[in-house]
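Structural characterization, general
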Amino acid sequence: MNTKNLVALALLAGMGAVLHTVVPPFILGMKPDMMLVMMFLGIILFPDKKSVLLLGLVTGILSAMTTGMPGGQIPNLIDKMVTAFIFFGLLQTVKRFSGSAITAAILTAVGTIVSGIIFLTSAYFIVGLPGAFVGMFTLAVLPAAAFNTVFMIILFPVASTIFRRTKLVQTH
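Residues numbered from 1 in each chain as written. Predicted model: local features only at pLDDT ≥ 70, side-chain atom pairs only at ≥ 80, totals over all residues. Heavy atoms only, no water.

Membership of the largest hydrophobic core comes to 26 residues, with the highest contact counts inside it found for M39, L41, I43, I44 and M152. Residue assignment for this core shows that the elements contributing at least two residues are helix 1 (3-22), helix 2 (34-45), helix 3 (49-66), helix 4 (73-93), helix 5 (101-126) and helix 6 (133-165). The element best represented in this core is helix 2, accounting for 9 residues. Apart from the residues within four sequence positions on either side, M152 is in contact with V37, F40, L41, I44, A104, A105, T108 and P157. M69, L120, A123 and V141 belong to the second-largest nonpolar core, a separate cluster that totals 8 residues. (Core = buried A, V, L, I, M, F, W, Y, C linked by side-chain atoms within 4.5 Å. Buried < 20%, exposed > 50% of the residue type's maximum accessible area, 1.4 Å probe, protein only. Helix = DSSP H or I, 4+ residues; strand = E, 2+ residues; numbered from the N terminus. Contact = heavy atoms within 4.5 Å.)

Listed below in structure tokens is the structure:
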């Protein structure tokens, strides 16, 4: 992994942290996880295991530091690490379509739902949930998936063009 890739990944994680911090919680301390979109974008742009590991760890730590859910620190760490590799696996299965904004959007929707399930499940077992699992999934995860998908549809073409023009990414 070269320095340019590390800087690009750090910028994506930093932007995700800012977005994660400023978006207010909307149900029982939970908020749409904007950090996920930046993590997914980083995995799409830099699809290698080292980058996935680094993004999962960094976004997990940053999400844990900025979570609005009481006791959500450890579930955030677990969620981001596991979700990063599941997303990477999904990306590898659709590799030939990976340069498409539609593919990025679909993977983002699936990745956000997977992340929500992992987060809520780990929070349930570690600290308990402030509401029913199904209710929190319906009221927090599904709207977050929709929001993240729309955000990725807007962000992906812009980011991939910038990264391609600056020669930070060779594919797509």
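Turning our attention to the pattern of salt bridges. This structure, assessed with the given rule, holds 2 salt bridges. A salt bridge links K80 to D33; the nearest nitrogen and oxygen atoms lie 2.5 Å apart. Remark: D33 occurs in the loop between helix 1 and helix 2 and K80 occurs in helix 4; sequence separation between them is 47 residues. Taking the relative accessible area as the measure of exposure, K80 reaches 0% and is therefore buried. Judged by its relative accessible area of 9%, D33 is buried. D79 is the salt-bridge partner of K80, the closest N and O atoms lying 2.9 Å from each other. (Salt bridge = Lys/Arg side-chain N within 4 Å of Asp/Glu carboxyl O.)

Here T108 lies in helix 5. Exposure remark for T108: the relative accessible area of 0% places this residue in the buried category. Setting aside its immediate chain neighbours within four residues, T108 contacts F40, F87, N148, T149 and M152.

A separate point is helix 4. For helix 4, spanning 21 residues, the distance from its first C-alpha to its last is 31 Å, which sits close to the expected 30 Å at 1.5 Å a residue. Of all the residues in helix 4, the buried ones are P75, N76, D79, K80, T83, A84, F87, F88 and L91. Those residues of helix 4 that are buried lie in contact with helix 2, helix 3 and helix 5. (Expected span 1.5 Å × (residues − 1).)

What follows concerns the side chain of T112. Relative to the elements of secondary structure, T112 occurs in helix 5. Within the structure, the side chain of T112 is placed 2.7 Å from the backbone oxygen of T108, a separation counted as a polar contact. Here T112 is in contact with L36, F40, V141, A144, A145 and N148, once residues within four sequence places are set aside. (Polar contact = N/O pair within 3.5 Å; in protein donor to acceptor, adjacent residues only side chain to side chain.)

All right, on to the packing of helix 2 against helix 6 then. Interhelical geometry of helix 2 versus helix 6 gives an angle of 40 degrees and a closest axis separation of 10 Å. Compared by their axis directions, helix 2 and helix 6 come out oblique. Taken as a pair, helix 2 and helix 6 cross one another with a handedness that is right-handed. Residue-level contacts link M34, L36, V37, M38, F40, L41, I44 and L45 of helix 2 to F147, N148, F151, M152, L155, F156, A159, S160 and F163 of helix 6. Residues of the contact of helix 2 with helix 6, tallied by class, amount to 15 nonpolar, 2 polar and no charged. (Axes fitted to C-alpha atoms, helices over the stretch in contact; angles between N-to-C directions. Parallel < 35°, antiparallel > 145°, perpendicular 65-115°, else oblique. Left-handed = near helix turned anticlockwise from the far one by under 90°. Nonpolar A, V, L, I, M, F, W, Y, C, P; charged D, E, K, R; others polar.)

Quick look at the packing of helix 4 against helix 5 now. The N-to-C vectors of helix 4 and helix 5 enclose an angle of 150 degrees; their axes lie 8 Å apart at closest approach. As the angle between them shows, helix 4 and helix 5 are arranged roughly antiparallel. Here helix 4 runs over helix 5; the crossing is right-handed. Taking contact as the criterion, the partners of I74, P75, N76, I78, D79, V82, T83, I86, F87, L90 and L91 in helix 4 are, on helix 5, L107, T108, V110, G111, V114, S115, I118, F119, S122, A123 and I126.

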